[in-house]
Amino acid sequence: MNLGNLPFIVSALLVVLGIYTLLFKRNLIKLVIGISLIETGVNLFLVMLGYRSKGIAPIYTFAPAGERMVLPTPQALTLTSIVIGLATTALLLSFAVFIWRHYGTLDVHRIKELKG
Amino acid sequence: MSALSVHAPVLLIAIPLLGAFAVPLIGKLGRGVRDAFVGLIAAFTAALAGLLAANVFGNGGAASVYVLGGKPFDIPLPSGMTAPIRILLEVDGMSAFMALITALVTLTAIAFSFSYWRERSGGSMYHSLLLLLTAGIFGMELTGDMFNFFVFLEVTSIAACGLIGFRVWLGRTQEAAFKVMTLYTLSGLFVLLAIGLLYGEHGGLNIAYLAHSLSGGIVDKIALGLLLTGLAMKAGAVPMHMWAPDAYGEAPAPTSAVLVANSQASLYGLFRVLFTLFGITVSTATTGWILIVFALLTIFVGVTMALVQSDIKRLIAYGAVSQIGYMLLGVGVGLATIVTKPTYGFVAMQGGIFHMVNDAACIGLLFLVAGAVTRAAGTRDLNKMGGLAHTMKYTSVFFIIGAFALAGVPPFNGFASKFLIYEASFKLSPFLAIIAILSSILLLAVFVKAFQGAFLGPKPASLGGGEAPLGMLIPMAVLALVVIAFGLFPGFFVERIVTPAARALWFGRDAYISAILGG
């Protein structure tokens, strides 16, 4: 199946949506979602870099001869990036929980002990 | 001994990393055992950094490669193509210089922490995160691979935000940690996107290999823009600085010093990208002037915001932001003139790079003093303090030394590096030097005001404040000695460690590439 440039457009769209969310939303949970969207966009971009049309999984053992393989490196990068993303998202959400406990709100405009 | 010096680059990353995960276990054996273990790890890491620096600078700052796995890294593929594989660390004068700074700051911060955390809980977590942050910073400075750079960048982000936010009983730390984590993650994703673009364009992740095949096409330029934004954001350059005062201000005082070292590691990444990765394949006049504009904004905004602070740590934090600008100014002037290579361009490079170690020493000293002061006084508000010099004699002297060095008053170290920056940037454009000098004078005013508020005048009766314990005074004294030594003998240090570092960036692109690719 040939997808053409569609996945790249989708990943750019995800990044732009994520940046929009970061800039214009006030709820902390939505900010975490925005970060997550950007991350997904970047990960999709990385996977697409290594994709070859009609490629098979890059495992040499028992691989049929002459078949095209997708590139393994971007997949390794994506895996690492997903794991890092899990850690950052978990950390961000736990900070959001503690902010809720301290201030009773998740609205960024009402949490402003640190200004100037 | 020789095995130790051969394997120093990887041990610098591995030992703090293993230490970080062992600390919570060893902490179960008791506080004394844990502190001894952490101290041992920190001292050994610092000794390794010294050994690495001695090797590299003994070699004139030439680039050397360390291969993980111990086998050759340039095995030809079946198709006949040769590309560097395996995990590679590449160390040149600049990397060794940064490793020295990191070792100095982390060793003094960890030594200070033993007294600072004596009466508080959570010490095991704290030391674990601090060692993890150290490992990440060393990783960023020594790696020869873009993707590993990204991984270590994220290690420092997560460890740094853990350190800022682990005191969950304080609301403001949570607010700061959330903000910092959001911006750190965003900057990391920019860097990752740029790495993806470079990989897609050139099919490699090794810095030397990428530098060799870069052509300065449109994709490379987009990647450069993303890297510049991401790394400047993580270094705290204005206008992406809004996380920095929160991070430095709300982290425990000894950690703030290490966070500044972390920002400097991002700055190192930025310089590595601009000089070694891209170099002259893109217009260096443009990239140099972009750095200079960032630098002037950072200097000016940092100082003017410091002027209005009444919280002692936040005031020092804005001072730290402004100093990032001086480093950017020096190196920016160097980058803008790299094609014609005039003498003053190299002087500017020396000034900017020399200022990194000077800033690490004097900002580190000021944050440690702020930690001692807030611990003794029980408040961070300068309006509620006063007269602390009566009881904290040594601490107040250390504050003066740090403040004068930061503002660039002779004979302290800040003057030595700032003077090189003024001199060289004046030759490029007098306007740059005027902004830089005026901001330094303003900074002096800020710190005189802070000194007067905290240490002079009558002491409020409710204010606590005995002299800091010896465990805190010794790390401060070490940093103060560094400040004075670098101020009194700048020529010695510039010649021994700064010039090889500046040379590695300014002239060393081809050497960096050929250390990996040969020829």
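About the cut-offs
- Residues numbered from 1 in each chain as written.
- Chains lettered and ligands numbered in written order.
- Predicted model: local features only at pLDDT ≥ 70, side-chain atom pairs only at ≥ 80, totals over all residues.
- Helix = DSSP H or I, 4+ residues; strand = E, 2+ residues; numbered from the N terminus.
- Buried ≥ 20, exposed ≤ 12 C-beta atoms within 10 Å, placed from the backbone.
- Contact = placed C-beta atoms within 7 Å.
- pLDDT = per-residue confidence, 0-100.
- Nonpolar A, V, L, I, M, F, W, Y, C, P; charged D, E, K, R; others polar.
- Axes fitted to C-alpha atoms, helices over the stretch in contact; angles between N-to-C directions.
- Parallel < 35°, antiparallel > 145°, perpendicular 65-115°, else oblique.
- Expected span 1.5 Å × (residues − 1).
- Core = buried A, V, L, I, M, F, W, Y, C linked by C-beta atoms within 7 Å.
- Pairing = 2+ DSSP bridges.
- Left-handed = near helix turned anticlockwise from the far one by under 90°.

## Description of the overall build of chain B
Scanning chain B from N- to C-terminus turns up 20 helices and two strands. Oriented by its inertia axes, the alpha-carbon framework of chain B measures out at about 80 × 60 × 40 Å. Within chain B, buried positions represent 63% of all 519 residues. Relative to all contacts within chain B whose residues are 6 or more apart in sequence, the contacts with residues 24 or more apart total 82%.

## Looking at the confidence of the model for chain B
Residue and element names in this part refer to chain B. Scored by pLDDT, chain B has a mean of 91; 99% of the residues are at 70 or more. Across chain B, the element-wise mean pLDDT spans from 85 in helix α1 (residues 2-6) up to 95 in helix α9 (residues 218-235). With pTM at 0.95, the complex prediction returns an ipTM value of 0.94.

## As for the interface of chain A and chain B
Counting residues at the interface gives 28 residues for chain A and 26 residues for chain B. No other element matches helix α3 (residues 72-103) of chain A, which puts 15 residues into the side of chain A that touches chain B. Grouping the amino acids of the side of chain A that touches chain B by side-chain chemistry returns 21 nonpolar, five polar and two charged.

## Considering the packing of helix α6 (residues 146-165) of chain B against helix α7 (residues 171-202) of chain B
Where α6 of chain B contacts α7 of chain B, the two axes come as close as 9 Å, and the packing angle between them is 175°. Here α7 of chain B runs roughly antiparallel to α6 of chain B, going by the angle between their axes.

## Some points on the environment of A376 of chain B
Residue and element names in this part refer to chain B. Mapped onto the fold, A376 is located in helix α14 (residues 343-377). Its 21 C-beta neighbours within 10 Å are what place A376 among the buried residues. Linking A376 and L444, residues 68 residues apart in sequence, is a C-alpha distance of 25 Å.

## Things to note about helix α4 (residues 93-116) of chain B
Every α-helix winds through 3.6 residues per turn, so residues three or four apart in the chain are directed the same way. Its 24 residues place the ends of α4 of chain B 34 Å apart at the C-alpha level, agreeing with the 34 Å of an ideal helix rising 1.5 Å per residue. Of all the 24 residues making up α4 of chain B, 24 are buried; the element is thus mostly covered by neighbouring parts of the structure.

## Here's the deal with the nonpolar core
Of all hydrophobic cores here, the largest spans 235 residues; its most connected members are L12, A99, L365, L366 and V483 of chain B. For A99 of chain B, the contacting residues outside a window of four places in its chain are L12, A49, L52, A53, F138, E141 and L142 of chain B.

## Points about the pairing of strand β2 (residues 88-91) of chain B
A regular strand carries its side chains on alternate faces of the sheet. Residues and elements named next belong to chain B. Side chains of β2 alternate between two faces, with L88 and E90 and L89 and V91 buried alike. Relative to β2, strand β1 (residues 64-67) runs antiparallel, the two being bridged by four bridges. Within the sheet, the bridge partner assigned to V65 lies in β2 and is E90.

## Examining the packing of helix α13 (residues 312-336) of chain B against helix α17 (residues 430-455) of chain B
All names here are of chain B. Two elements in contact, α13 and α17, have axes separated by 11 Å at closest approach and are oriented at 160°. As far as their axial angle goes, α17 and α13 are roughly antiparallel. Relative to α17, the crossing made by α13 is left-handed. Contacts between α13 and α17 involve I312, L315, G319, S322, Y326 and L329 from the former and L432, A436, S439, L443, V446, A450 and A454 from the latter. Broken down by class, the residue content of the contact of α13 with α17 amounts to ten nonpolar, three polar and no charged.

## Comments concerning unusual backbone geometry
All names here are of chain B. In the segment running from V238 into P239, the intervening peptide bond is cis, with an omega of 10°. With respect to the helices, strands and loops of the structure, P239 is situated in the loop between α9 and α10 (244-250). In this model, P410 is joined to P411 through a cis peptide bond whose omega is 5°. Position of P411 among the secondary structure elements: in the loop between α15 (393-407) and α16 (413-428). Residues other than glycine seldom take positive phi values, yet K341 does so here, at roughly 50°. Mapped onto the elements of the fold, K341 is located in the loop between α13 and α14.

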